[in-house]
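Structure at a glance
This is what each chain is made of:
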Amino acid sequence: MRWVSISLLLLLVAVVPVAAQEESEKEIERYRSMIADPMANPGYLAVDRGEKLWTAARGTKNVSLERCDLGLGAGVLEGAYAKLPRYFADADRVMDLEQRLFFCMRALQDLDTKDVVARRFGGPGKTSDMEDLVAFIANKSQGMKLAVPLTHPKERETRAIGEAMFFRRSAINDFSCATCHGEDGRRIRLQALPNFTKPGPEARETMGSWPTYRVSQSQTRTMQHRLWDCYRQMRMPGPDYLSDGLTALTVFLASNAEGATIAVPSIKR
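Quick look at the structure, then. The shown structure was predicted, so the numbers you read here are calculated from the model rather than taken from an experiment.

The helix and strand tally for the chain stands at 10 helices and seven strands. Residue pairs in contact within the chain that sit at least 24 positions apart in sequence constitute 64% of those at least 6 positions apart. Summing over all exposed atoms, the chain offers an accessible surface of approximately 14100 Å²; the carbon and sulfur share of this is 57%.

The next subject is the packing of helix 6 (residues 153-167) against helix 10 (residues 244-255). Following both chains from N to C, one finds helix 6 and helix 10 inclined at 95 degrees, their axes separated by 7 Å at the closest point. The orientation of helix 6 with respect to helix 10, classified from their angle, is roughly perpendicular. Taken together, the residues of helix 10 that come into contact with helix 6 (itself represented by Glu155, Thr158, Arg159, Ile161, Gly162, Glu163, Met165 and Phe166) are Gly245, Thr247, Ala248, Leu249, Val251, Phe252, Leu253 and Ser255. Partitioning the contact of helix 6 with helix 10 into residue classes produces eight nonpolar, five polar and three charged.

On to the pattern of salt bridges, then. Within this structure, the stated rule accounts for 14 salt bridges. The closest approach of N and O atoms between lysine 154 and aspartate 92, which form a salt bridge, is 3.0 Å. With lysine 154 in helix 6 and aspartate 92 in the loop between strand 1 (86-88) and strand 2 (93-95), this residue pair connects regions lying 62 residues apart in the sequence. Judged by its relative accessible area of 28%, lysine 154 falls in the partly exposed class.

Turning next to the sheet that holds strand 6 (residues 219-221). Taken in spatial order, the three strands line up as 6-5-7 in an open sheet, and their pairing is mixed. At either margin of the open sheet sits one strand with a lone partner, and together these are strand 6 and strand 7 (266-268). Within the sheet, the average angular offset between the axes of one strand and its neighbour, ignoring direction, is 35 degrees. Across three bridges, the pairing between strand 5 (residues 212-214) and strand 7 is parallel. The residue bridging threonine 212 from the neighbouring strand is serine 266, located in strand 7.

Of note, the amide linkage connecting leucine 84 to proline 85 takes the cis form, showing an omega dihedral of 0 degrees. Relative to the elements of secondary structure, proline 85 occurs in the loop between helix 2 (43-55) and strand 1. Across the junction of tryptophan 210 and proline 211, the peptide omega takes the value 10 degrees, indicating a cis bond. Residue placement: proline 211 occurs in the loop between helix 8 (201-207) and strand 5.

Let's shift gears to the side chain of serine 64. Relative to the helices and strands, serine 64 resides in the loop between helix 2 and strand 1. A polar contact is formed between the side chain of serine 64 and the side chain of glutamate 66, at a distance of 2.8 Å. Leaving out residues up to four positions away in the same chain, serine 64 has contacts with Trp54, Thr55, Ala56, Ala57 and Gln109.

Okay, the state of the cysteines next. What the rule picks out here adds up to one disulfide. Put simply, cysteine 68 and cysteine 104 are joined by a disulfide, and their sulfur atoms are 2.1 Å apart. On the S-S bond that ties cysteine 68 to cysteine 104, the torsion sits near 75 degrees, and the link is right-handed. Note that cysteine 68 is positioned in the loop between helix 2 and strand 1 and cysteine 104 in helix 3 (residues 97-107), a separation of 36 residues in sequence. Taking relative accessible area as the criterion, cysteine 104 reaches 3% and is therefore assigned buried. Cysteine cysteine 177 remains unbridged, with the sulfur of cysteine 230 as its closest cysteine sulfur at 6.6 Å. Judged by its relative accessible area of 13%, cysteine 177 falls in the buried class. Summary of cysteine pairing: cysteine 180 is not part of a disulfide, and the nearest cysteine sulfur, belonging to cysteine 230, is at 7.8 Å. Among the residues examined, cysteine 180 registers a relative accessible area of 22% and is labelled partly exposed.

Here is what the cut-offs are and how they apply
Residues numbered from 1 in each chain as written. Predicted model: local features only at pLDDT ≥ 70, side-chain atom pairs only at ≥ 80, totals over all residues. Heavy atoms only, no water. Helix = DSSP H or I, 4+ residues; strand = E, 2+ residues; numbered from the N terminus. Contact = heavy atoms within 4.5 Å. Areas by Shrake-Rupley, 256 points an atom, 1.4 Å probe, with all protein chains shown as cover. Axes fitted to C-alpha atoms, helices over the stretch in contact; angles between N-to-C directions. Parallel < 35°, antiparallel > 145°, perpendicular 65-115°, else oblique. Nonpolar A, V, L, I, M, F, W, Y, C, P; charged D, E, K, R; others polar. Salt bridge = Lys/Arg side-chain N within 4 Å of Asp/Glu carboxyl O. Buried < 20%, exposed > 50% of the residue type's maximum accessible area, 1.4 Å probe, protein only. Pairing = 2+ DSSP bridges. Polar contact = N/O pair within 3.5 Å; in protein donor to acceptor, adjacent residues only side chain to side chain. Disulfide = S-S within 2.5 Å.

Here you go:
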């Protein structure tokens, strides 16, 4: 009888945490559904600010960004984000959206970008031009499918570099991106961790939901910030803003999320 009681106790110990996790996830989803309406999502304030920045005449040339080619032709926004990062012949580089916007700010507007870089990530009382522009432009691909091109040799090379970076262990914790995102079913506390090592619904759901409004930070965040923050949490040196390494990682992640439905700006914890 004693052994039966111990067995039942062990069973309860095993079952209760799982049940608690499932209940917590249900509550988190319920919370997200309550604030999913655009009128309740502060990320759409960034979309509005980004639209004004896109059409504002700035720089020594006093022109807007409306002639910026994001891959589908000068000024074409609908669907452009769904096909980024990609190779741009005029720069001879694979670029993500923020790199491309930075390129256009300099080439088209001759804008002094020191302040743009200084405010690359928003904070209390400080908006970010880049985060606002990304929110606006990404929203123009709402409901479309993510389809990062891999036809150019440099696009395929960039993906290979991103994959190598994803599995590269480093720093004092000997972590890599795969430490957290390399297997199914992993989590940190209440947070489920998507598996990015293979194509699947977890990768698609995640990559289709950036940029996002982070409730815990009261800011709209881009993939550049997400990857920078991942490195920070792994206790690795912070990657340079607009670095080719971050673009390579994004290409790898996005290629495994092929076909994701873009729903941005989303809202996360």
